[in-house]
Amino acid sequence: MRKCFAIVSVGLRQMLADPMYLVFTLGLPLMMTWAMSFLPKEAGIYEMASLGVLVMFVALNLITSAGSILEERQNGTWQRILTSATSYWAIMAGYFIRLFLVAATQAAILLLSGKFLFGAPWNHGYLELVVVLAIYIFAMTGLGLFLAGLLKTQGQVQAVAMAIVMIGTMLGDVFFPIENPSGVIKIIAAISPQSWAAHALRDILTLGVSLSSLVVPLLWMTGLGMLLIIAGVLRIKIEA
Amino acid sequence: MNVLDVVNVKKAFGSRQAVDGVSLSISEGEIFGLLGPNGAGKTTTLSLISGLLRPHTGTITIGGWNVVTQATKAKALLGVVPQEPALYSQLSAEANLRFWGTMNGLQTADLTNAVKHALTVVGLTDRAQERVAKYSGGMKRRLNIAAGIIHNPKLLIMDEPTVGVDPQSRNHILQTVKNLREQGTAIIYTSHYVEEVEDLCDRVTVMDQGKVISAGTVSQLLNKAGQYQELVITVNGTKATSLMQLTALPGIKEIFTINNVYKILTSNAEQVLPLTYETILAEGMQVSAIHIHKPSLESLFLKLTGRTLRDQ
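Nothing here was measured: the structure is a model prediction, and the numbers come from that model.

Which residues make up helix α5 (residues 137-149) of chain B, and what are the values?
In this model, α5 of chain B (13 residues) spans 19 Å end to end at C-alpha, consistent with the 18 Å of a helix rising 1.5 Å per residue. Among all positions of α5 of chain B, only Gly 138, Met 139, Arg 141, Arg 142, Leu 143, Asn 144, Ile 145, Ala 146, Ala 147, Gly 148 and Ile 149 of chain B are buried. For α5 of chain B, the elements touching its buried residues are α4 (77-82) of chain A together with β6 (78-81), α3 (93-103), α4 (108-121), β7 (155-159) and α6 (167-182) of chain B.

This is the structure we're talking about:
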């Protein structure tokens, strides 16, 4: 466990030392959240936009942060960790916890700033919110690890991250409702964890639905996350 | 007991046999040189020993622990100093060492003492709190060594630790290696600087195309190189006809051409030189440099393979 936390700690310190990372992870999403606060506070519209920002930036952050594994491969620190007296599973657990913590912190800051700085009219469903976000972050962390095993360069990570995030959010009925969607759009919305998460979060905040009504999205995101984590961890092991 | 035993190890990438039946062993307090040109299989061999790759056949044990099946126990005895510094540039030297110490099982007071000791060994105590990004290339290489030795490993792999460093850092690194040997650490040392290997290593293995082509103590290998000196003549363009004529000259054991360079193995370079020089001039070529080298591991490699250790 100590070794896991050492991996978490060293990674976080490396990330936080990069000002661009902070701008990208917190500055930009905070600005977007603030901009969304000027939308009319009619039920559904504001939630859709501000939660869309949250869902999109958490996804973008997680996929690009997983690219840090590639960076470590290029720097040689990844190989050096693998030659240390640490089991592969402890190493991967460290990377998973690091990614999860970063995304959870980002999501918490965006939600709390929306509520307390920018006047979001949310006053119920906090437990449901935390559960859905935790499972959404879990699924996207799995996607990040999977891509880290699959892709070879940071450039590839950036390109694929943008493609997945843009397609999943813009066409996944996250920011704005799509009327009479085509078959392709329906498929994207049915697959995209961003779409499932955004709808679940919106339903919690506007309709006050309970967790028992969210079993399908929660199961889908958990299953997808587990599948991707297993595939990613095995793939990275083979690549190593 | 040997610290490292490698027995008939093979590793292929697709149809290319990168390591082909390599066996070697290293005992405590021994510096073991691994020589060979790029693509000889050195890096793959080191990756196999450090557990980054799995051999297709054969076994590797460190301190009796199998690197594949008892990886964590074997790796606890292993330190690695990669060719390029593998460090976290945004962290201080001390933070880096604390991390690598933790990853190798050190904690609390042992970790603190090990960090202090490693910084002292590489002479970076005064700069311990500085971010690695601010370090010079030589300082990074010294810290790279500190990260490899922080847990006092029984076996240390050092892959070209002196490439591209200033003379002061180089001397410091070489002295550190000698000190580690005196403390009983077994060291695998690779370098393209043959004189470094000759000076440091107790035994040397020469690899080419995935195989061990020669092995022994430095003096045994130099004896294999024979009494031959290496006469190196740089010209403005070698010719096939002149190569045939030079080969026929008395006193020349073997001759190789590499780009614009004739490399001649001879027992008496000074005696051979005038006739060789005349022959080259008679062929209409111009000589731009002449060097005579004493028998070395480089000339042994040339003799065995017809190539130099720095060939691509």
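An account of the nonpolar core is needed here, citing residue identities and associated values.
Counting residues in each nonpolar core, the largest one holds 118 residues, and the members touching the most others are Trp 78 of chain A together with Leu 97, Phe 99, Leu 143, Tyr 189 and Val 204 of chain B. Not counting residues within four places of it along the chain, the set of residues in contact with Val 204 of chain B comprises Gly 33, Leu 35, Val 197, Ser 214, Ala 215, Gly 216, Val 218, Leu 221 and Leu 297 of chain B. Residues Leu 34, Ile 49, Ala 186 and Ile 188 of chain B belong to the second largest nonpolar core, which totals 25 residues.

So what's going on with a nonpolar patch on the surface? Which residues, and what values?
Residues and elements named next belong to chain A. On the surface, Trp 89, Met 226, Ile 230 and Leu 234 cluster together to form a nonpolar patch covering roughly 430 Å² of accessible area. At three residues, the largest contribution of residues to the nonpolar patch is made by helix α10 (residues 215-239). Along the chain, Leu 234 falls in helix α10.

Go over the side chain of Lys 11 of chain B with me, naming the residues and quoting the values.
Residues and elements named next belong to chain B. Within the secondary structure, Lys 11 is located in strand β1 (residues 4-13). Among the polar contacts listed, one links the side chain of Lys 11 to the backbone oxygen of Arg 54, at a separation of 2.9 Å. Ignoring anything within four residues of it in the chain, the contact list for Lys 11 reads Arg 16, Gln 17, Ala 18, Val 19, Thr 44, Leu 48, Leu 53, Arg 54, Pro 55 and His 56.

How would you explain the interface of chain A and chain B if you had to name every residue and give the values?
The partner chain B presents 28 residues to the 23 residues of chain A that form the contact. Between chain A and chain B the total buried area reaches about 2200 Å² when both faces are included, carbon and sulfur atoms providing 62% of it. Counting the contacts that link chain A with chain B gives 10 residue pairs in polar contact (both at pLDDT 80 or more). Where the side of chain A that touches chain B is concerned, the elements lending two or more residues are α1 (2-16), α3 (45-75) and α4 of chain A. Per-element accounting of the side of chain A that touches chain B gives the leading share, seven residues, to α1 of chain A.

Account for the packing of α5 of chain B against α6 of chain B, naming residues and giving values.
Each pair of packed helices can be summarised by the angle the axes make with each other and by the distance between the axes. Residues and elements named next belong to chain B. Across the interface, α5 lies against α6 with an axial gap of 9 Å and an inter-helix angle of 15 degrees. Comparing their axes, α6 and α5 come out roughly parallel. The crossing of α5 and α6 is right-handed. In this structure, α5 uses Gly 138, Met 139, Arg 141, Arg 142, Ile 145 and Ile 149 to contact α6, whose residues at the interface are Ser 169, His 172, Ile 173, Thr 176 and Leu 180.

Give me the lowdown on the pattern of salt bridges, citing residues and values where you can.
All names here are of chain B. Scanning the entire structure with this criterion turns up 10 salt bridges over all chains. Taking the shortest distance from any N to any O, the salt bridge between Asp 20 and Lys 211 comes out at 3.7 Å. Residue Asp 20 is found in strand β2 (residues 16-26), and its partner Lys 211 is found in strand β10 (residues 211-217); the two are separated by 191 residues along the sequence. By relative accessible area, which is 24% here, Asp 20 ends up partly exposed. Owing to a relative accessible area of 42%, Lys 211 belongs among the partly exposed residues under this scheme. For Glu 230, the salt bridge is made with Lys 263, and the minimal N-O distance between the two is 3.6 Å. Of this pair, Glu 230 sits in strand β11 (residues 229-235) while Lys 263 sits in strand β13 (residues 261-266), and the two are 33 residues apart along the sequence. Assessed through its relative accessible area of 13%, Lys 263 is described here as buried. One network of salt bridges, with partners in common, ties together Arg 170, Glu 195 and Glu 196.

Could you give me a rundown of unusual backbone geometry, with the residues and numbers involved?
Peptide bonds are trans in most cases, and residues, glycine excluded, mostly fall at negative phi. All names here are of chain B. The phi angle at Thr 108 is positive, at roughly 45 degrees, despite the residue not being glycine. The topology assignment puts Thr 108 in helix α4. Despite not being glycine, Gln 209 has its phi angle at roughly 50 degrees, a positive value. Inspection of the secondary structure puts Gln 209 in the loop between β9 (203-208) and β10.

For the environment of Gly 51 of chain B, give the residues involved together with the corresponding values.
Residue and element names in this part refer to chain B. Inspection of the secondary structure assignment puts Gly 51 in the loop between α1 (42-49) and β4 (57-62). Taking the C-alpha atoms as reference points, Gly 51 and Ala 76, separated by 25 residues in sequence, lie 12 Å from one another. If near-sequence neighbours (up to four positions away) are discounted, Gly 51 is found in contact with Val 67 and Lys 75.

Criteria and cut-off values
Residues numbered from 1 in each chain as written. Chains lettered and ligands numbered in written order. Predicted model: local features only at pLDDT ≥ 70, side-chain atom pairs only at ≥ 80, totals over all residues. Heavy atoms only, no water. Helix = DSSP H or I, 4+ residues; strand = E, 2+ residues; numbered from the N terminus. Expected span 1.5 Å × (residues − 1). Buried < 20%, exposed > 50% of the residue type's maximum accessible area, 1.4 Å probe, protein only. Contact = heavy atoms within 4.5 Å. Core = buried A, V, L, I, M, F, W, Y, C linked by side-chain atoms within 4.5 Å. Patch = residues over 30% accessible without salt bridge, like charges linked within 9 Å, V, L, I, M, F, W, Y side chains within 5 Å. Areas by Shrake-Rupley, 256 points an atom, 1.4 Å probe, with all protein chains shown as cover. Salt bridge = Lys/Arg side-chain N within 4 Å of Asp/Glu carboxyl O. Polar contact = N/O pair within 3.5 Å; in protein donor to acceptor, adjacent residues only side chain to side chain. Buried area = accessible area lost by both parts, 1.4 Å probe. Axes fitted to C-alpha atoms, helices over the stretch in contact; angles between N-to-C directions. Parallel < 35°, antiparallel > 145°, perpendicular 65-115°, else oblique. Left-handed = near helix turned anticlockwise from the far one by under 90°.

Interpretation note: all reported values are geometric properties and have no functional meaning in isolation.
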